[in-house]
Amino acid sequence: MQVAKGFIGVMRVPMIRVGVYDRAAAIVTNKVNARFMQTTDVRRVSTQLARMCIADRVRQYSTPRSKLPVPVIETEENEQPLIYNRPQQRRRKPWYTSPVVYVLMIVPMFTFWLGNWQLRRLQWKLDLIDELEDKLNSKPLHLPRHINLDVLEEFAFRLVSLKGRFDPSRTLFLGPRAREGERGYDLVMPFHRAEGGGDVLVNCGFVSNAFIEGTNMDKHLKHPLPFQGEVTLTTLLPRVYPPSRFALPNEPNNNLWMQVNPAQMAAWLNEQSGAAQNTTSEKAANRGFSPRDLWPFSKPEEPLSPSKAFQQKSNQVLPVYLEQVFDGTFSEAGANIRQGIPVGRPPKINLRNQHMEYAVTWFTLSGISSLMFIYMVSRGRGV
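About the cut-offs
Residues numbered from 1 in each chain as written. Predicted model: local features only at pLDDT ≥ 70, side-chain atom pairs only at ≥ 80, totals over all residues. Heavy atoms only, no water. Buried < 20%, exposed > 50% of the residue type's maximum accessible area, 1.4 Å probe, protein only. Helix = DSSP H or I, 4+ residues; strand = E, 2+ residues; numbered from the N terminus. Arc of directions from axis to C-beta. Contact = heavy atoms within 4.5 Å. Salt bridge = Lys/Arg side-chain N within 4 Å of Asp/Glu carboxyl O. UniProt positions renumbered as here; feature names shortened; annotations may be inferred. Pairing = 2+ DSSP bridges. Expected span 1.5 Å × (residues − 1). Patch = residues over 30% accessible without salt bridge, like charges linked within 9 Å, V, L, I, M, F, W, Y side chains within 5 Å. Areas by Shrake-Rupley, 256 points an atom, 1.4 Å probe, with all protein chains shown as cover. Lys, Arg positive; Asp, Glu negative; His and termini not counted. Charge placed at Lys NZ, Arg CZ, Asp CG, Glu CD. Phe/Tyr/Trp six-rings, centres within 6.5 Å; stacked < 30°, edge-to-face > 60°. Lys NZ or Arg CZ within 6 Å of the ring centre and 35° of its normal. Polar contact = N/O pair within 3.5 Å; in protein donor to acceptor, adjacent residues only side chain to side chain.

1. So, helix H7 (residues 330-339)
Inference 1: Among the residues of H7, Ala333, Gly334, Asn336 and Ile337 are the ones counted as buried. One face of H7 carries all of its buried residues, which in axial projection span an arc of 160 degrees. Those residues of H7 that are exposed and angled more than 90 degrees off the buried face are Ser331, Arg338 and Gln339.
Inference 2: In this structure, the buried residues of H7 make contact with strand S5 (172-179), strand S6 (182-193) and strand S7 (199-208).
Inference 3: After H7 finishes, the residue Gly340 shows a positive phi value of roughly 80 degrees.

2. Observations regarding the pattern of salt bridges
Inference 1: The full count for this structure, using the stated rule, is 4 salt bridges.
Inference 2: Its salt-bridge partner being Asp167, residue Arg170 comes within 3.0 Å of it at the nearest N-O pair. Both residues of the pair, Arg170 and Asp167, belong to the buried class.
Inference 3: A salt bridge links Arg193 to Glu195; the nearest nitrogen and oxygen atoms lie 3.9 Å apart.

3. Here we look at the environment of Arg165
Inference 1: Tracing the backbone shows Arg165 in strand S4 (residues 158-166).
Inference 2: Discounting residues that sit within four places of it in the chain, Arg165 has contacts with Pro190, Phe191, His192, Gly229 and Glu230.

4. Things to note about the UniProt feature "transmembrane region" (unreviewed entry) in the protein
Inference 1: As annotated in UniProt, the feature "transmembrane region" (unreviewed entry) corresponds to residues 95-115 and 358-377 in the numbering used here.
Inference 2: Between the end C-alpha atoms of residues 358-377 there is a gap of 29 Å, over a span that is 100% helix and 0% strand.

5. A few points about the pairing of strand S11 (residues 317-324)
Inference 1: Most of S11 sits inside the fold, with 7 of its 8 residues counted as buried.
Inference 2: Alignment of S7 against S11, held across 4 bridges, turns out to be parallel. By the bridge assignment, Asn203 is partnered in S11 with Glu323.

6. Comments concerning helix H8 (residues 355-379)
Inference 1: With 25 residues, H8 ought to run about 36 Å at 1.5 Å a step, and its terminal C-alpha atoms sit 37 Å apart, in line with that.
Inference 2: Turning to H8, its buried residues number three or more, namely His355, Ala359, Ser366, Ser369 and Met376.
Inference 3: Against helix H4 (99-137) lie the buried residues of H8.

7. Describing a negative patch on the surface
Inference 1: Taken together, the side chains of Asp127, Asp130, Glu133 and Asp134 define an acidic patch exposed on the protein surface.
Inference 2: Take Asp130: it is sitting in helix H4.

8. Comments concerning the packing of aromatic side chains
Inference 1: Counted according to the given criterion, the structure contains 5 aromatic pairs.
Inference 2: When the centroid spacing of 6.4 Å and the interplanar angle of 25 degrees are considered together, the rings of Phe110 and Trp113 count as stacked. Here Phe110 and its partner Trp113 are both found in helix H4, 3 residues apart, which amounts to about one turn of the helix.
Inference 3: A relative accessible area of 48% means that Phe110 is categorised as partly exposed.
Inference 4: Between Trp257 and Trp268, the ring centres sit 6.0 Å apart and the planes meet at 70 degrees, which makes this aromatic pair edge-to-face. Of this pair, Trp257 sits in the loop between strand S10 (231-237) and helix H5 (262-287) while Trp268 sits in helix H5, and the two are 11 residues apart along the sequence. Across the pair, exposure class does not vary: Trp257 and Trp268 are buried alike.
Inference 5: The ring of Phe173 has Lys219 sitting right over it, with the charged end atom 5.4 Å from the ring centre.

9. What to know about the environment of Gln354
Inference 1: By the element assignment, Gln354 lies in the loop between H7 and H8.
Inference 2: Taking C-alpha positions, Gln354 is 9.2 Å from Gln118, a pair spaced 236 residues apart along the chain.
Inference 3: Only 3.1 Å separates the side chain of Gln354 from the side chain of Arg352, close enough to count as a polar contact.
Inference 4: Among the polar contacts listed, one links the side chain of Gln354 to the side chain of Tyr358, at a separation of 3.1 Å.

In structure tokens, the structure reads:
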């Protein structure tokens, strides 16, 4: 009996769970009580006990802690307490205690509201398209001599008829732009109106880089424009939107205009012209009279460079921006670009109208999330 107790004390390890030690003690006690205990029986008992300990240890490490059975003590009448293992059962929470359910309840309502909002936007866009088509089909307007800049926005997207002449010596290069697979710039020039008043800015169209030479302020066209003298043309008064926050700024001193800004363009042209006018008058006053002024065979003046052409005396430029309309065909536009002739904008307005697709998307999400909410409530699940 002492040998059995000593053997059990040696084989006891801290990792043995409740119940294993009692089973091992019962096996060893039965073997010791035998009348004749052979050496082979002791070896068999030790081998069996070692296997039980190893199996119990492997089971403990391979089973997650949350799924380990918990020892439960139960008693019966006139009997000693029995210790055995019973699997632990997780109690399910009510569905209304889960925040996921409330999220699924809010999502259908929010997406349904977004779908209705897109339908209202669709109706607004259709009305806007009809309004713009009516403006384009109406008779072109004639700009008055004195333009009221405060009400200019009310005539956006209206056709305007102009009569006068361009000032190509003060051409502004707007871009870079791309059209028909060619890279180039839009030419913005002051337009002197025949009825008088201040000059307006007219975008006469796109010109490829192949017909532009020079850099910065010396940038100019290789060939003169085909329209010289007084011309009559049809333009469109666009709605100029403020530049984006991430757009590159304009560089007036390099004659590089990234964004359309009529106020900045007109102010810079007037500033250059005013500075040159003051400088010329000061030089004439300081120089005084000279006999060369009466000489009839004086040397003719050299043509001004593009950078100095901005500084010659000219009319005041108003912050009114117009775009010349080109009503030719696609092939005619390509031929003009290859010849270096400016090509204006087409006489139509393209507005993106994808509000119906957006509305269908939001209504679909609303339906799917509603089904998920109903399924979770009917199952009583609280994830």
